[in-house]
Every structure is written in structure tokens, then in C-alpha cells.
Amino acid sequence: MTTITIPTLAKLKAEQEKIAVLTAYDATFAQLAADAGVEVILVGDSLGMVLQGHSSTLPVNIDDMVYHTACVARGNARAERPALIMADLPFMSYGTIEQCLESARKVMQAGAHMVKVEGDDWLIPMITSLTRQGVPVCAHLGLTPQAVNKLGGYKVQGRDSDAADAMLAHSQALEAAGVDLLVLECVPSELAARISASLTIPVVGIGAGAGTDAQVLVLQDMLGLNSGHVPKFVKNFMTDGRTVQQALAAYVAEVKDGTFPAAEHGFA
Ligand SMILES: Nc1nc(=O)c2c([nH]1)NC[C@@H]1CN(c3ccc(C(=O)N[C@@H](CCC(=O)O)C(=O)O)cc3)CN21
Ligand SMILES: CC(C)C(=O)C(=O)O
Ligand SMILES: [Mg+2]
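The model shown is predicted, which means the values in this text are computed figures rather than measured ones.

Quick look at the site of ligand 2
Around ligand 2, the neighbouring residues are Thr23, Leu42, Gly44, Asp45, Ser46, Asp88, Lys116, His140 and Ile206. At 2.9 Å from an oxygen atom of ligand 2 is found a side-chain nitrogen or oxygen belonging to aspartate 45. Between ligand 2 and serine 46, the relevant distance is 2.6 Å, taken from an oxygen atom to a side-chain nitrogen or oxygen of the residue.

Below is the structure:
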């Protein structure tokens, strides 16, 4: 079997097969995730919270992302069927075209196959440039953790009808600008389903209900390693005496057959 590519993901959406995404930040878990059948590994800037112990993703810098992307790329390469590696561009590393291209160059040269950026319309010049340079892009809408200070907390987004209409319009503009994938985080399930149905590109949900084309969770969260407040969208798969490998396989199976997410993992 060959590595997962952008066209593979588009084909999975077209064939209505759900796509399983997980974060990983190191070689061991990257290989385990790929071997469990995860199609996309996200080297998320959530590593600032999960690995570094910060209370937001803002302290993460591009060198952190390069280091963890390189670790993940080495583990992923040992998998029987490597996943597609997506790397978050961290806070304030993509505000201008020049800075965005330089940040993307660093993570792509470290082994990423795609970059992810948080934001709406304002990203279009950066997306256009990345796309022209051959860099696949994932956009991230809804709860965008890098904007936590503006949003006033980790809260569900797009609840009123104006915000919902704006999110749909932004997602369509981002697709038209060339993005290959879209993450929707903490968005009412009905809105996320409406956006997913209106786009050709796959939509990845986290706290966005069962109507998206793909699901993502933070690896530690789905292994039950969460401390403190556990977000509503998290499900612990490390149950029933499972090994880590079995928990990862259960996650992939439940995403594929639609068992996860259940209604209780989404927002109205
Ligand atoms: N371990 C971990 N898991 C994540 O999913 C995650 C991170 N870290 N770090 C970066 C962001 C931050 N995320 C978060 C953090 C908290 C909530 C949360 O508590 N949400 C409330 C919703 C409140 C409302 O109704 O508006 C919840 O109860 O789920 C959501 C996303 C998602 N990301
Ligand atoms: C939660 C996902 C979507 C993310 O951006 C991250 O892990 O950083
Ligand atoms: Mg992130």
C-alpha cells in the first residue's frame, strides 16, 4: 500500500468513506497511528498544551513544530502504509505572505505533506501563494485556539444565524482559494453538516458532529490521558482492557462505521 495523498482524501469523501485523523507529536505514536489505519496525522500546535504544559497554544514556535514534525515523519515512514502528515503553522508565524511561505518551507522540509492555518478570509493571499508553490493547505474555522484571547475562551462558534452564514461563506471562499482540507472545531453539528455538504473538499470535525467527512481528536485525549476539564467532544477509547494499539484501532473503526462521534459528543 502507498502513502495517503491529497487525491486519496478527496476520493474517500467522494466515495462517502469517513476519514480518521489523529494528532501525534513523536515517532512512536506516529507509527502506531498510521499502522492503526489513521489516514492523516496532525502535528498539532496542541503540543504546546499537551507536551509543554502551557495553558494555550500561543507559546508554540516554528522550531517546536519543525522538531516534532521531523520526529513524526521518521515514525510514519516505518509504517506499512504511511499517513499524510499535516503540520500546524503556529501562532503569528503566517501573518504575511513572506512569513507564511518561510514557515511552511520549514515544516515541509521537516517532512510535512500539508500545512494547517487558523483563520477565514484574511488567509486568502497566503493560501494563494502556498497553493502556487505546491504546498497543500488545510484551513481551520470555528473555535480557532490561536485566537483564544479574542474569542474569550474555548467556546462553541457559529451559534447565531449571522455567524453561521458567515462561516459557510468563509468555507466556500477558502475552498475557492485552493484549500484542500478544512477543520471545523466546536461548531454546532447541523452547521458543520451543512458546510460539509456544500464543499467538495473533505471537512474534518472536532466537536462538530457526525456530519463531517472526517474526525480528529488529540491522541492523549482519546487514550484517556486528559487531566482536568475534558471537552465534551472527547471519547476515551482506552477502555475494556484494550492495549494502545487496540484503542487506536477502535477509534479508526468507530470513525469509519459512524459510531463516533455520537450525539453526546457534539453541540447543538
Ligand atoms: N488536549 C487537548 N485537546 C484538545 O482538543 C485541544 C487542546 N488540547 N489544545 C488546543 C485546543 C483547545 N481545545 C479546546 C479546549 C477546551 C474546549 C472546551 O472546554 N469546550 C467546552 C465548550 C463550551 C461551550 O459550550 O461553548 C466543552 O465543554 O467542551 C474546547 C476545545 C481543543 N484543542
Ligand atoms: C485540535 C486540532 C484540530 C488542532 O489544531 C491541534 O491539535 O493543534
Ligand atoms: Mg492546532
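Regarding the coordination of the magnesium ion (ligand 3)
Donor atoms from the polypeptide that coordinate the magnesium ion (ligand 3) comprise Asp45 (OD) and Asp88 (OD), at 2.1 to 2.2 Å from the metal. Here the residue aspartate 45 occupies a position in the loop between strand E2 (40–43) and helix H3 (47–50), and aspartate 88 occupies one in strand E3 (residues 84–88), the gap between them amounting to 43 residues. Residues aspartate 45 and aspartate 88 agree in their burial class; the two are buried.

Here's the deal with the UniProt feature "active site" (unreviewed entry) in the protein chain
Mapped onto this numbering, the UniProt entry annotates "active site" (unreviewed entry) at Glu185. Looking at where glutamate 185 falls in the secondary structure, it is placed in strand E6 (residues 181–185). Using a relative accessible area of 11% as the deciding quantity, one classes glutamate 185 as buried. Among the polar contacts made by the side chain of glutamate 185, one reaches the side chain of histidine 140 at a distance of 2.9 Å.

Some remarks on the nonpolar core
Within the largest apolar cluster, 90 residues are counted, with the highest numbers of intra-cluster contacts made by Leu182, Leu184, Met222 and Tyr251. Among the elements that take part in this core, helix H11 (residues 244–257) stands out by supplying 6 residues, more than any other. With residues up to four places along the chain from it excluded, the contact list for tyrosine 251 reads Ala20, Val21, Leu22, Gln215, Val216, Leu217, Met222, Phe237 and Phe260.

Here's the deal with the side chain of serine 93
Relative to the elements of secondary structure, serine 93 occurs in the loop between E3 and helix H5 (97–109). Residues in contact with serine 93, not counting those within four places in the same chain, are Gln99, Cys100 and Ser103.

A short note on the pairing of strand E7 (residues 203–206)
Judged by which residues are buried, E7 turns out to be covered on both faces: Val203 and Gly205 on one side and Val204 and Ile206 on the other are all buried. Looking at chain direction, E6 and E7 are connected through 4 bridges and run parallel. Residue pairing in the sheet places leucine 184 in a bridge with glycine 205 of E7. In terms of handedness, the path from E6 via helix H9 (residues 189–198) over to E7 forms a crossover that is right-handed.

Here's the deal with the packing of helix H4 (residues 62–77) against H5
Packing of H4 against H5 brings their axes to within 8 Å, and their N-to-C directions diverge by 25°. Our classification of the angle between H4 and H5 gives roughly parallel. By crossing handedness, the relation of H4 to H5 is classed as right-handed. Every residue of H5 that contacts H4 at Ile62, Met65, Val66 and Thr69 is listed here: Ser103, Lys106 and Val107. Of the residues that constitute the contact of H4 with H5, the class distribution is 4 nonpolar, 2 polar and 1 charged.

Rules used in this analysis
Residues numbered from 1 in each chain as written. Chains lettered and ligands numbered in written order. Predicted model: local features only at pLDDT ≥ 70, side-chain atom pairs only at ≥ 80, totals over all residues. Heavy atoms only, no water. Near = heavy atom within 4 Å. Polar contact = N/O pair within 3.5 Å; in protein donor to acceptor, adjacent residues only side chain to side chain. Donors = N, O, S within 2.8 Å, 3.2 Å for Na, K, Ca; no water. Helix = DSSP H or I, 4+ residues; strand = E, 2+ residues; numbered from the N terminus. Buried < 20%, exposed > 50% of the residue type's maximum accessible area, 1.4 Å probe, protein only. UniProt positions renumbered as here; feature names shortened; annotations may be inferred. Core = buried A, V, L, I, M, F, W, Y, C linked by side-chain atoms within 4.5 Å. Contact = heavy atoms within 4.5 Å. Pairing = 2+ DSSP bridges. Right-handed = clockwise from strand over helix to strand, strands pointing away. Axes fitted to C-alpha atoms, helices over the stretch in contact; angles between N-to-C directions. Parallel < 35°, antiparallel > 145°, perpendicular 65-115°, else oblique. Left-handed = near helix turned anticlockwise from the far one by under 90°. Nonpolar A, V, L, I, M, F, W, Y, C, P; charged D, E, K, R; others polar.

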